[in-house]
Structures are given as C-alpha cells and as structure tokens.
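Observations on chain architecture
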Amino acid sequence: MIRFIIYRLLGAIVVIWIVSVVTFLIFQAVPLLSHTNPVYFYTGKVPFKPGSPQLKALTHRFGFDLPLYAQYWHYLSGILFGQTITDGVSVPIKCPAPCFGYSFRQNELVGTLIAQAVPVSLSLIVGSAILWLVGGVSVGTISGLRPGSAIDRIGMTGSLAAVSLPIFFTGPVLLLIFEYTLGWLPDVSYAPITQNPVQWLRSMILPWVSLAFLFAALYARLTRSNMLETMSEDYIRTARAKGLDRRTVVIKHGLRAALTPIVTIFGIDVGTLVGTTVITENVFNLRGLGFLTISSIQQQDLPIILGVTIVAAVALVVANFVVDILYAVVDPRVTV
Amino acid sequence: MTITSPVPSAASTDPGVFLSVEDLRVHFPTDDGLVKSVDGLTFDLRRGEILGIVGESGSGKSVTAQAILGLHKGSKAKISGHIWLDGQDLVPASEDDMRAVRGSEIAMIFQDPLSSLHPFYTIGNQISEAYRVHNKVSGRDARKRTIEMLEKVGIPNAAARYSDYPHQFSGGMRQRAMIAMALICEPKLLIADEPTTALDVTVQAQILELIKELRNELNSAVILITHDLGVVAETCDHVVVMYGGQAVEKGPVADLFDVPEMPYTWGLLSSMPRMDRVRQTRLTPIPGSPPSLIQVPKGCVFNPRCRFSDRVEGNRCFTVHPDLLPTAPGHEVRCHIDPEERRQILLTEIRPNL
Ligand SMILES: Nc1ncnc2c1ncn2[C@@H]1O[C@H](COP(=O)(O)OP(=O)(O)O)[C@@H](O)[C@H]1O
Ligand code: SF4
Ligand SMILES: [Mg+2]
C-alpha cells in the first residue's frame, strides 16, 4: 500500500510538473502569436514606444528577454520559493511561495486573489457535492431496485428534466421563488463560514441546489444502471440463498458493489469543478475561482489566468490521487 | 422453523421422503412469450440420498433448483405445483418464511464460485455471515465456526486464509469455500448446481468426494445438477433426466446406465466419454439443439431430434404428449415406444455402440 501511494504521488507530481510546463509554454506563445509585447499581458499597458530603451529595460526587468529555460526557472522558482516583483517604478513587492505572480491591473498578488476565491469555490463545490451524491444515489438506488415501476419512472423522468435544464435557468428560477417571491432568503450575500455561518448557509443553499440538481440527475441514472446490473450478479443470488434479509442484500451486497465505480467519477467531477463553476458563481454573484477566471480572461490578466489554471490543474490531480487511493481501499482486487 | 402454508401437509405417501416436488411449473412471461422453463416436474428425495438432475444446458435444471429455494419469489415468474419439504409446501410460502429456510434447511452451491462470491468481502466474512443469519452468536464464535468449516472442507491454513478475498483463492478452493458456506448451518437439503463444471478434472473429483463425505456425515439430502453423466455415475443414487423443462426418464442410477429406455438418455449416453473401456464407435453428440421453451414442440418434446419417432404408429410422437410411465420399480420413462420394443432397440441398436 505504501509503495502504491508513493507511486501515485510521484505520478501526480510528474503530471503537475507537465502542467506547469504546458501552461508556461502557452503563455509564452500567446504574446508571440498575437505580436504583442508580453509586458502588455502583465501590466495591462505598454507604457513605452516599441523598441524604445525604456521598454527594453522593462522587458528585461520582467525577464522576458531571457532564454526560455531561464524564464521557466524564474516562473517555477517563484512558485516554489517565492520572489520579489517589481515593474521598476513602484515599490518592489514581496511575493512569498507559492508565488503565482502579481496582477498589475488589480494591484494585488495573484496568490491573494486566489486565496480569497478558494473558500467560496470550496463552499460551493463541497456542499453541492454532498447534496448531489446523497440525492442522486438515493433516487438511483430506489429506481434501480424497482425498474419500470411508477417510482422509477418519476425518478428517471425527473432526472432527465434535471440534466436538460441549464444552471442559468434553474438558478434564476430558484432565486425568483425563494428570494423574491417567497422572501425566505432576503439577503443571500456571501459571508465566510468562519465569520457568519448562518449567513454563509443562507448564501450557499440556492447555489448548492442548482449545481447539485444537474449532477444529482447524472448520478441517479448512473446509480440506477449500476444497481440494476449488480442486483443480477451471482453473488446477490448467493446472498439471498444464505437467507439474508432484503436490507442486507441490497445495502451490504448490492449498494457496496454498485457504488464502487461511482467513487471514481465523483472524485473526478469534484476535482473538475474547481475553477469551472463559472455560471453558478455568476448567477449567484459568488466571487469564487470561476468568477476570477472569467473576469481575468476578459481583462487579459495573464498572471491570474496562469495562477488559476495551475490551481485548477492541481485540484484535479489531487482529486485523481485521492480517488486512486480510495479505490484501492474499497476494491480489494486492485493490486497495491 | 415454521412455514405458514395455506395447503395442509399432505405430501407424499412415503413417510421417508424428505423433499417431494410435485408437478412443478415455472413459467416466465417475457416479451417474446411465455417461457416454460419447468413444466410439470415431479420427483422425490430422501435424506442421505443424492439425486442427480441431468440434461443439456437450457433444460430447466437451474430454474428448478432456484424454485426449490424460493429464489423466484419477487420476480415475474409464475410458479405452480408443490414443493413439499418435510411435509410443508414451499410454493405458497412467503419470502419471509423462505428466508428462514434458506441457508438453514436448504443450502445451495453454484456453478461459478468466483462470480458467486462477493468480490469486496473476505471469504471469512461471507461464510460467517451465512452462519450468523441463522444463529445468534458472537462475531468471535462465528469466526471460530467458520475456520472449523474451512478446515473441514480441506482449506489448508484456514485461520490465515479467513481474511483472504475470493480472488486470492484458486478455483477449487473457492468452491470448497462455497461448500463450507452452504454447510455451515448443517442444512438438511443441499442443492449443488453444476458445482464442478468450472473446475478441472482432479479438483472436480475432490469436490464430489467432499460432497459425498458431508452427505454421509450430516445425512443430508443432496440434489446434484450436472450435464455430465460421468459425474452422475460416480456420485448419485437416483437420476432425473430433464429435457425441455420436463423429466423424460427417472430411476436408480444403475437402471439409467444399464437399462436406459428413453431415446434422449441414449443420446446422452452415446455422447459420454467412457473411462472404463474403449468405445466401439466415435462419440456421437445428439444432433440438433434443445427445443424452444416458448414454442414447445407438439407431442413429444424430443421429437425434432429423435431418431426413433418413425417407430411409433399413427404419428403419435408429433401429436400426443407422452406420459412419464413406470417401466420397472422406481424407473419411469416418457416415450411412446412400447417398453418391450425399447429394450429391444437398446440391446440391438444402442448398446453395441456405447
Ligand atoms: N428469469 C428468466 N426469465 C426468462 N427465461 C428464463 C429465466 N431464467 C431462466 N430462463 C430460461 O429457462 C430455461 C432454462 O434455464 P436453466 O434452468 O438455467 O437451464 P439449465 O438446465 O442449463 O440450468 C432457459 O432457456 C432460460 O433461458
Ligand atoms: S415419444 Fe417418440 S419422439 Fe419422443 S422419444 Fe419416444 S420415440 Fe422419440
Ligand atoms: Mg444451469
């Protein structure tokens, strides 16, 4: 097991390293392909004439004139060890590790911006993940145990509807009902859980539901088909032949097997959501990673895009790593 | 155990009979039509006896076994007839009543021990679970009993292998573990559905030996389902030959091998490899394939494949369904050909080629 974990860990590190190289190269390529001085993507303006000695000096200060490997090392060492950032005009800024650079547009360290957004994103993702997992698996299990029954049809029609409805529809509808019409949630502005848990819950409940709605539908269908398949397995017949009661047969023998593959999908889904819950964040005015991504793309704020990309990639790799370990724990056949 | 049954205990006239299956029918409604998997099956079984049920695949053997265990309850299957177990009818019994019977009175082992064991639980866990359903004992006692059972079925190092998962066992060991699981509550009836089909020949012999030993020890009744007549010859006391959901010949093992009278049984015997002597002719598998259970042939079920249907006058093989009639004590045959003539055919046309 230890060896397995170390292997996977090494694998994860390699993947993250590759991601760092690829993102680095992409953001090298962008200025090149758009014939723009890279300084523009850092400061939002090119303060001096092209070819002027001042611009050359600035380019030099940012290190854009260095060879590629040196620039990469600069970028990597910034993340690993921190660095000091300066545009040559303002006071130099200390950027501790992991330093993702500085947004001259927002006048803020990228790390700080990300650190502000992460709790919002995590609140959203974790909460809705719990909701959709519990909801989807319950509906799917009940449906899968009685295929073709009325309850199965209601569950599956409902989930078909849920997959088809986009968040930019369900979100506003939920807001319309609960905030404006019923008035149950008069103020849904975000508050950190550490400062005001009640307000945090109030601000999160609708985003959770609308995001979970979509995923719950997928999980219900998945659980149903796994359950159907599992319940016709030979070992379920063996369990019945022992004289076990239905509950034990369904939960201990059926659900245990039906849910195992869902572990994988769940982990990947959660990992993928980091940085991509753009629509939900927009609809509910949450300042999470998705929001940060979109606004920085709109403003061509390269350092932020770079930082968020790395964070999202790391989240996915970590999710993968956790899933691998978890899978080895839940499925004894996985050789470790 | 109590089984509430609306039908009074009337069962068989013979008091020694432990299991009596009477005109059992198991029909499955499907989109293609009604599948008559078992259609009017009758047989008796005593404790200490091993009954073989033979027949090609698709003849309804497994469906019969599962019906006895009540495993079709809760499905769409339509079941009629009686399954008298020790005088009580299991056909009308509820799922709850059957639950009390399963594992404790009747236990079953299946063809493929790998897929029949849960991949995510240890062998020990699965066997002790079978014990704890019917016995209020502590986890430690269940574990002790499980290890005893594993030793009894010949698993070396049983205590250490308790925590192994099924995939860590070999095929033969898995089937031994299944047998330990089936026998842990000392059932009075053991149903083994092709227990050795997935195993190689040496292991097969060991498993059959084990079943016989345990039968002797517990004095259980055993139903051994197989499509291998060799297994029947070695192991069983009585045989039911099934074809198309029906019994076509029934009798003591000796009769079935010495004086078989039904053309289908002849076919099975001709396609059976002999260990004891050199065959005069090549193995001849029965030409054709088993009948559709949705559109069962009119008349005799075996008629499309039977070489002898022209020996019966008036085309009766194709119009009249033959009854299962006694031909000798305990020996019954379902065929229109006159018993005298059947014996003649056996002597002159079949025996020389076996
Ligand atoms: N649940 C079911 N629904 C419909 N048909 C079934 C079902 N179970 C078994 N059958 C059919 O019944 C026939 C007998 O099957 P089975 O008893 O498994 O044969 P075997 O003698 O090989 O054990 C087969 O043709 C099979 O397709
Ligand atoms: S009844 Fe006719 S078809 Fe059936 S086995 Fe006898 S001879 Fe063959
Ligand atoms: Mg079978």
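Every chain's residues receive numbers from 1 upward, in the order its sequence appears when written. Throughout, the order in which chains and ligands are written sets their labels, letters from A for the former and numbers from 1 for the latter. Totals for whole chains, interfaces and linings use all residues, but because this is a predicted model, local features are given only for residues with pLDDT of at least 70 and pairs of side-chain atoms are given and counted only at 80 or more. Only hydrogens and water are removed before side-chain values are computed, so all heavy atoms of the structure are retained for them.

**Quick notes on the overall build of chain A**
The secondary structure content of chain A amounts to 13 helices and four strands. The principal-axis extent of the C-alpha atoms belonging to chain A is close to 85 × 55 × 40 Å. The rule is simple: take the accessible area with a 1.4 Å probe, protein chains only, and divide by the maximum for that residue type; under 20% is buried, over 50% is exposed, in between is partly exposed. The buried share of chain A, reckoned over its 336 residues, is 44%. Any pair of residues with heavy atoms lying within 4.5 Å of one another is described as a contacting pair. In chain A, of all internal contacts separated by at least 6 residues, the share reaching a separation of at least 24 is 63%. Note on areas: Shrake-Rupley, 1.4 Å probe, and residue coverage restricted to the protein chains presented here. Accessible surface, chain A: about 17200 Å² in total, of which carbon and sulfur atoms supply 70%. Segments assigned H or I by DSSP are reported as helices when at least four residues long, segments assigned E as strands when at least two residues long, and all are numbered from the N terminus.

**Focus on the interface of chain A and chain B**
Residue-level contacts link 21 residues of chain A with 27 residues of chain B. Put simply, buried area is the surface a 1.4 Å probe can reach on two separate parts but cannot reach once they are joined, added for both. In total, chain A and chain B occlude about 2200 Å² of area from one another, counting both sides; carbon and sulfur atoms represent 57% of this. Any Lys or Arg side-chain nitrogen found within 4 Å of a carboxyl oxygen on Asp or Glu counts as a salt bridge. There are three salt bridges connecting chain A and chain B. The partner of Glu 129 of chain B in a salt bridge is Lys 252 of chain A, and the shortest N-O contact between them spans 3.0 Å. Under the rule applied, a polar contact is a pair of N or O atoms within 3.5 Å (in protein, one hydrogen donor and one hydrogen acceptor; residues adjacent in sequence only if both atoms are side-chain atoms). Our count for the contact surface shared by chain A and chain B stands at 14 residue pairs in polar contact (both at pLDDT 80 or more). No other element matches the seven residues that helix α10 (residues 246-273) of chain A contributes to the side of chain A that touches chain B.

**What to know about the packing of helix α5 (residues 110-145) of chain A against helix α8 (residues 197-231) of chain A**
Residues and elements named next belong to chain A. Contact geometry of α5 with α8 gives a least axis separation of 4 Å together with a crossing angle of 35 degrees. Seen along the crossing, α5 lies across α8 with a hand that is right-handed. Basically, the charged four are Asp, Glu, Lys and Arg, the nonpolar ten are Ala, Val, Leu, Ile, Met, Phe, Trp, Tyr, Cys and Pro, and anything else, Gly included, counts as polar. By residue class, the composition of the contact of α5 with α8 is 22 nonpolar, nine polar and one charged. Between N-to-C directions, angles span 0 to 180 degrees; the directions come from axes that are lines fitted to C-alpha atoms, helices contributing only their stretch in contact. Crossing handedness is defined as follows: a turn of the near helix away from the far one that is anticlockwise and smaller than a right angle gives a left-handed crossing, while the clockwise case is right-handed.

**Quick look at the sheet that holds strand β9 (residues 238-243) of chain B**
Residue and element names in this part refer to chain B. Two strands are counted as paired when DSSP detects at least two bridges linking them. Taken in spatial order, the eight strands line up as β6-β7-β8-β3-β9-β10-β12-β11 in an open sheet, and their pairing is mixed. If you trace the sheet from one side to the other, it starts and ends with β6 (106-109) and β11 (324-328), each paired once. Strand after strand, the sheet turns through a mean of 20 degrees between neighbouring axes, direction not considered. As paired strands, strand β3 (residues 50-54) and β9 are joined by four bridges and run parallel to one another. Each bridged residue has a counterpart across the sheet, and for Val 54 the counterpart in β9 is Val 241. The strands that helix α8 (residues 201-218) touches are β3, β6, β7 (189-193) and β8 (221-226); relative to β8, the one it contacts most, it runs at about 160 degrees.

**Considering the pattern of salt bridges**
Counted according to the given criterion, the structure contains 26 salt bridges over all chains. Where Arg 237 of chain A meets Asp 234 of chain A, a salt bridge forms, and the shortest distance between an N and an O atom there is 3.9 Å. In this pair, Arg 237 of chain A and Asp 234 of chain A are both assigned in helix α9 (residues 234-241), three residues apart and thus about one turn of the helix distant. Residue Arg 237 of chain A is classed as partly exposed on the basis of its relative accessible area, which comes to 22%. On the basis of relative accessible area, Asp 234 of chain A is assigned to the partly exposed category, the value being 24%. One salt bridge in this structure joins Arg 305 of chain B and Glu 56 of chain B, with 2.9 Å as the shortest N-O distance. Of the two residues, Arg 305 of chain B is situated in the loop between α11 (263-270) and β11 and Glu 56 of chain B in the loop between β3 and α1 (61-68); the sequence distance between them amounts to 249 residues. The network of salt bridges with common partners includes Glu 261, Glu 340, Arg 342 and Arg 343 of chain B.

**Points about helix α1 (residues 2-33) of chain A**
Residues and elements named next belong to chain A. To estimate the expected span of a helix, subtract one from its residue number and multiply by 1.5 Å. For α1, built from 32 residues, the straight-helix expectation of 46 Å at 1.5 Å per residue is met to within 8% by its first-to-last C-alpha distance of 46 Å. Residues of α1 that are buried in the fold lie against α2 (38-43), α4 (68-81) and α13 (302-330). One or two steps after α1, the chain reaches His 35, where phi turns positive at roughly 50 degrees.

**Remarks on the packing of aromatic side chains**
All names here are of chain A. Pairing of aromatic rings covers Phe, Tyr and Trp, the last counted by its six-membered ring, and requires centre-to-centre distances within 6.5 Å; plane angles under 30 degrees mean stacked, over 60 mean edge-to-face, and any other angle means tilted. Taken as a whole and assessed by the stated rule, the structure comprises 15 aromatic pairs over all chains. Measuring from ring centre to ring centre gives 5.9 Å for Tyr 72 and Tyr 75, while their planes differ by 50 degrees; the resulting arrangement is tilted. Taken together, the residues Tyr 72 and Tyr 75, both in helix α4 and three residues apart, mark about one turn of the helix. Comparing Tyr 72 with Tyr 75, the two get one shared label, buried. Each ring, one from Trp 132 and one from Tyr 219, has its centre 5.7 Å from the other, and the planes form 55 degrees; the classification is tilted. Linking Trp 132 in helix α5 with Tyr 219 in helix α8, this pair joins segments that are 87 residues apart in sequence. Of the residues examined, Trp 132 reaches a relative accessible area of 0% and is grouped as buried. Its relative accessible area of 1% is what places Tyr 219 among the buried residues.

**Describing the domain arrangement of chain A**
Residues and elements named next belong to chain A. The split into domains, and so the bounds of each, comes from an automatic or database assignment of domains. Domain annotation of chain A identifies domain 1 (2-110) and domain 2 (112-335). Inter-centroid distance (C-alpha atoms) of domain 1 to domain 2 is 34 Å. If you look at the interface, domain 1 gives 23 residues, while domain 2 gives 23 residues. For the domain 1 and domain 2 pair, buried surface summed over both sides reaches about 2400 Å², with 75% attributable to carbon and sulfur atoms. Connecting domain 1 to domain 2 are one salt bridge.

**Some words on the layout of surface pockets**
Empty space among the atoms becomes visible once a probe the size of a water molecule is rolled across them. Its volume calculated, the largest pocket comes out at about 990 Å³. A cavity, in this analysis, means grid points on a 1 Å lattice covering only the protein atoms where a 1.4 Å probe fits yet has no way out; a pocket is instead an open set bounded by protein on both sides within 12 Å along at least five of seven lines, and a residue lines either one if it has an atom within 4 Å of a point. What lines the largest pocket is a set of 27 residues, among which Met 231 and Arg 240 of chain A together with Leu 71, Gly 74 and Ser 75 of chain B lie closest to the centre. Secondary-structure elements contributing two or more residues to the lining of the largest pocket are α5, α8, α9 and α10 of chain A together with α2 (95-101) of chain B. The leading source of residues in the lining of the largest pocket is α9 of chain A, at four residues. Taken together, the residues of the lining of the largest pocket sort by class into 10 nonpolar, six polar and 11 charged. Grid points are joined across faces, edges and corners, and a volume is the space filled by probe spheres set on the points.

**A look at α11 of chain B**
Counting buried residues in α11 of chain B gives eight out of eight residues, a clear majority hidden from the surface. Of the residues making up α11 of chain B, those classed as buried are Pro 263, Tyr 264, Thr 265, Trp 266, Gly 267, Leu 268, Leu 269 and Ser 270 of chain B.

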